[in-house]
Each structure stands twice: as C-alpha cells, then as structure tokens.
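# Understanding the architecture of this molecule
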Amino acid sequence: MKFLRQSATIAWKDLRSEIRSKETLNASMSFAIVILLLFSFAFQSDSEVIEQISGGLLWLVFAFAGALVVNRSFSRDLQNDCLDALLASPVSGSAIFLGKAVANFAILLVIEFASLLIFGVFYNVDWTRQLGALMMTILLATWGMSVVGTMFSAMTVNLRLRELMLPMLVYPILIPCLLAAIELSAKLVAGTPLAGDMYLWVRVLVGFNIIYTALSLALVDTVLVG
Amino acid sequence: MREKLIYALAAVAALLLTRNLYQMFIGLPDEVLQGAIYRIIFFHVPAAFTFMTGALVSMLASILYLARKDFSADSVAAAVTEVALVFGFVNLLTGMIWARIIWGVWWAWDARLTFMLISCLMYAGYLMLRRSIEEPTQRARMSAVLSILTFPAVVITYKAIDWWRNQHPGPVLTFRTGGGTMDPGMEQVLWLNFLGILLFATVLMMVRMRQEEIRREIDGLRREAHAI
C-alpha cells in the first residue's frame, strides 16, 4: 500500500511538472502531427489502403513520439541533481520506476488519442467502429511501451550517447508489443470484430506486459542504485 | 593450464568438424525433395542452437554478476554474447541462402525469421551499450540488466514455429516431434555438428574472455598510474 502511494506521488510529481512546463507534450505532439502529415504524402489516400496500413502507421507515430516522451522521463530529473535526491529519499527504486512509468503512460495516452483524432480527420477514416477493443489494444500496448521505455530511460540516463542509445535499444525490444498492436489495430480500425487469430495477439500483449513489468520492477533498483 | 585446455578443445572441435564434413558430403545421400542444398541444415540449426545456448549462458552469467558482483561473470557474459551473436548471423545467412534456392526469395517476414533478426539486433545493441559506458562497474551492471531483458526475445524466437503459422519449416528434430520427421542418420550428423560448433564456440569464448580479463587488468593499471 505504501509502495503504491509512493509510486502515485512520483507519478503525480512528473505529471504536474509536465502540465506546468508542457515541454515533452508539446514536442512529441507536434512531432506526431508532422509524421502523420509526412505519411499522408507517402501513401495514396485511398480509404481501403489506409485502413490496411492504419495499424502500422499509427503505431509508428506512437512509437516515435513515445521515444521522445520516455527519453525525458529520467533526464528531466538530472537538473539540480534531483535524481540523486530522489534516490536518496526513503522511496525504493521500483516505486520511482512505477511512478514514472505511470506518468509516461498517461502522457502517451494523451498524445495517442490526439493523434487518433487527427488521423481520423486527415485520412478520412472512421476508427470508432470497434472502439472498445481498440481502446483495450491501445491501453495494453501503451503500458508495454511505457514500462520498457521507462526502464531503458533509467538505464541510459547517465550515458553520453543517451539520445542515440535509447531508441537503438528500445525499438527492437518493443517489436513483439508493436507487432501485436499493429496487427490488432489494423483489423479493428477496418471494423473487424475481435475473434479467432486476433486473440493470439492479445495474449502476446498481455504476456509482454507481465514479463517486462515483472522484470523491470525486479531489476530497476540495480540499475538506479547499483 | 587454461591455454592448454583451449588448444585441446580446439583440436577436438577441429577433428569432430572434419569428421562431420566427411559424413555430410560423402556419407549421406542428397535429400529426395531438396537435393544437395539440404546440407545447409547441418550448419543452420546448430548455429541457431549455439546462439540460443550462448544467450542463455549470457543471461545466467548476468544474473550471477548481479547476485555476486563478480567481474569474471561479467567477462563470461560479454565474451559469450559476442561469440553467440556471430553464430546468430551465421544462422541468418545460411537460412537466407537456403531460402533463395528453396523459396526463391532471400527473406520472408514470418515470425521465426523476424524474431531471430530482432534477437540479433538486440544483442548487437548489448555490445554497443558495453562500448558506450566507460566506468567498469556501471558497464557490467547495465549490460547484465540488458542481457536479462533481451533473453525473452530468444525464447519467442525458439517458440515462434509453434505459436505462428510460418513460412519457415516447422519442427523436425525428434525431441520436438517424437520422431519420424527426419532420417536418423541425418539427425545424428546434425547433433554431432552442433557439438562440434559448440566446442568451437567455447574455444572462441575462452579466448575472448581472456582478452576481456587482460583489458580489465590494463584498465586497472592505467587507473593506478593515473592516481600516482
């Protein structure tokens, strides 16, 4: 209980600092819009083609914008040695990690829903036909992205080549999660109800989240404190 | 002592691999459907198993490092990952050559191939991470964590042919199918070649580990000299 309360405090601290500065939100939101625009030049705006590629398109946008979000997660606290103060406080590394993952999850969700709205307008796609299942997919995959992203943000926070190493390490590890999200989203945006083979991808997402949440919570103390 | 062991293992590996080559090219006939190209399986599968064994050892050594803070475990993890990655790429290359002849294309985006490529990229990321951290304790800690986080991808690669419908052939070895899918003579050569390649990989790993230890020694001496 105390652990969850501590995590909630950290999450709220990160969210409040983000709401006040809006630096990550603004940067990644405009980045997401730019990518959506660029993709619209790359593909014909034929609605059938767009529905087929919608999963890939959306999740590439989310993944690119997500890397910007998680990159700031720990480096934001480097100023004035805030990270050292956080680690010295009577809060465990895993509580700090969970709090930051939750904050990233919330920020990512805001960016994703805004991107979805823009996607619907720019590409003339009605993505609300399987709204419940699509929301579930987005929630599951975004949690996976937040957990892995936050973990690697913690690992790379003190590296010289942080901006370079983070996407290098995060994207390959995220592939099972992104692949499942892409497969599910493409079908759900096209209006196909959740059935048959699609449950395999839901299982991949759930499995991925369980494995990486457990591993990250177990290992993050080693990464942060040593 | 260790050098003698390296030479002895290398000699056994060389003998075994030569014997296997003879058996593969002279002893065994061509396969009915695929012709001569099927022989690539004797390198393709053992290379994959060597890669997976290496990944497992790397993960175990990483856990050991985190538990005991013993730098020799870190050396094992670094050395074994590097060697395993080479065999990972051997597996991908041999697979691609086979695919070009049997499927007509170099590459297909099916689950097994994709996850194998991802695993290799992740271990390449591991090696890059090692190079980007100067401080030895931090380097050992971060790379140990990364090795543990990367291992699930290897498990997914191994199970991909069971979980998804693939262009990659399904399981053929007896321990997975219960028998009847591969000629026993061919399977025996495959396992013996796995042993040969594994021995060869062990030799490479031991040489690489020695280099890693020497590097750490030099680093320590340099630091000492710097302090003086």
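Residues numbered from 1 in each chain as written. Chains lettered and ligands numbered in written order. Predicted model: local features only at pLDDT ≥ 70, side-chain atom pairs only at ≥ 80, totals over all residues.

Helix and strand counts for chain B come out as seven helices and zero strands. Listing the helices and strands of chain B from first to last along the sequence gives α-α-α-α-α-α-α. The principal-axis extent of the C-alpha atoms belonging to chain B is close to 70 × 40 × 30 Å. With 228 residues in all, chain B has 39% of them scored as buried. Contacts spanning at least 24 positions in sequence make up 78% of the contacts within chain B whose residues lie at least 6 apart. (Helix = DSSP H or I, 4+ residues; strand = E, 2+ residues; numbered from the N terminus. Buried ≥ 20, exposed ≤ 12 C-beta atoms within 10 Å, placed from the backbone. Contact = placed C-beta atoms within 7 Å.)

Here we take up the overall build of chain A. Scanning chain A for helices and strands turns up eight helices and zero strands. When the elements of chain A are put in sequence order from the N terminus, they spell out α-α-α-α-α-α-α-α. Taking 17 Å as the expected radius of gyration for a compact globule of 226 residues, we find that chain A reaches 18 Å, a close match to that expectation. Across its three principal axes, chain A shows a C-alpha extent of roughly 55 × 35 × 30 Å. Taking all 226 residues of chain A together, 44% fall into the buried category. (Rg over C-alpha atoms; globule rule 2.2 N^0.38 Å.)

The next thing to look at is helix α5 (residues 136-163) of chain B. When the terminal C-alpha atoms of α5(B) are compared, their 40 Å separation across 28 residues agrees well with the 40 Å that a helix rising 1.5 Å per residue should span. Taken as a whole, α5(B) carries its principal kink of about 35° at Thr157(B). (Expected span 1.5 Å × (residues − 1). Bend = angle between axes of the 7 residues up to and from the residue.)

This paragraph deals with the packing of helix α4 (residues 111-132) of chain B against α5(B). Residues and elements named next belong to chain B. The contact between α4 and α5 brings their axes to 8 Å, and the two run at 170°. When the axes of α4 and α5 are compared, the pair comes out roughly antiparallel. Partitioning the contact of α4 with α5 into residue classes produces 16 nonpolar, five polar and three charged. (Axes fitted to C-alpha atoms, helices over the stretch in contact; angles between N-to-C directions. Parallel < 35°, antiparallel > 145°, perpendicular 65-115°, else oblique. Nonpolar A, V, L, I, M, F, W, Y, C, P; charged D, E, K, R; others polar.)

The next point concerns the confidence of the model for chain B. Residue and element names in this part refer to chain B. For chain B, the average pLDDT comes to 90, and 100% of its residues sit at 70 or higher. The lowest-confidence element of chain B is helix α6 (residues 174-177), averaging 77 in pLDDT; the highest-confidence one is helix α2 (residues 41-68), averaging 94. Quick note on the complex model: pTM equals 0.87, ipTM equals 0.83. (pLDDT = per-residue confidence, 0-100.)

Let's shift gears to the interface of chain B and chain A. Each side of the interface is counted separately: chain B has 18 residues, and chain A has 17 residues. Counting residues per element, the ones that place at least two in the side of chain B that touches chain A are α4 and α5 of chain B. By residue number, the principal contributor to the side of chain B that touches chain A is α5(B), which donates nine residues.

All names here are of chain A. Within the element layout of this structure, Leu25 appears in helix α2 (residues 23-42). Residue Leu25 is classed as partly exposed on the basis of its 18 C-beta neighbours within 10 Å. Remark: the alpha-carbon pair of Leu25 and Val202, spanning 177 residues in sequence, is separated by 28 Å. Ignoring anything within four residues of it in the chain, the contact list for Leu25 reads Glu18, Ile107 and Val110.

Of the residues in chain A, 99% have a pLDDT of 70 or more, and the chain-wide mean is 89. At the low end of the mean pLDDT range in chain A sits helix α3 (residues 47-75) of chain A, at 86; at the high end sits helix α6 (residues 131-156) of chain A, at 93.

All names here are of chain B. As for its placement among the helices and strands, Ala77 is situated in helix α3 (residues 71-102). Considering only alpha carbons, one finds Ala77 and Ser58, 19 residues apart in sequence, at a separation of 4.3 Å. Excluding residues within four positions of it along the chain, Ala77 makes contact with Ser58, Ala61, Ser62, Tyr65, Ser143, Ala144 and Ser147.

Moving on, we get to the environment of Pro193(A). All names here are of chain A. By the secondary structure assignment, Pro193 is in the loop between α7 (162-189) and α8 (198-224). Using a count of 12 C-beta atoms within 10 Å as the deciding quantity, one classes Pro193 as exposed. Each C-alpha atom, one on Pro193 and one on Ile118, is 23 Å from the other, the two residues being 75 residues apart in sequence.

What follows is about the packing of α8(A) against α5(B). Two numbers describe how α8(A) lies on α5(B): the axes approach to 10 Å, and their chain directions differ by 175°. When the axis of α8(A) is compared with that of α5(B), the two are roughly antiparallel. Here α8(A) contributes Ile211(A), Leu215(A), Leu219(A), Thr222(A) and Val223(A) to the contact with α5(B), which in turn contributes Arg141(B), Met142(B), Val145(B), Ile148(B), Leu149(B) and Pro152(B). For the contact of α8(A) with α5(B), a count of residues per class yields nine nonpolar, one polar and one charged.

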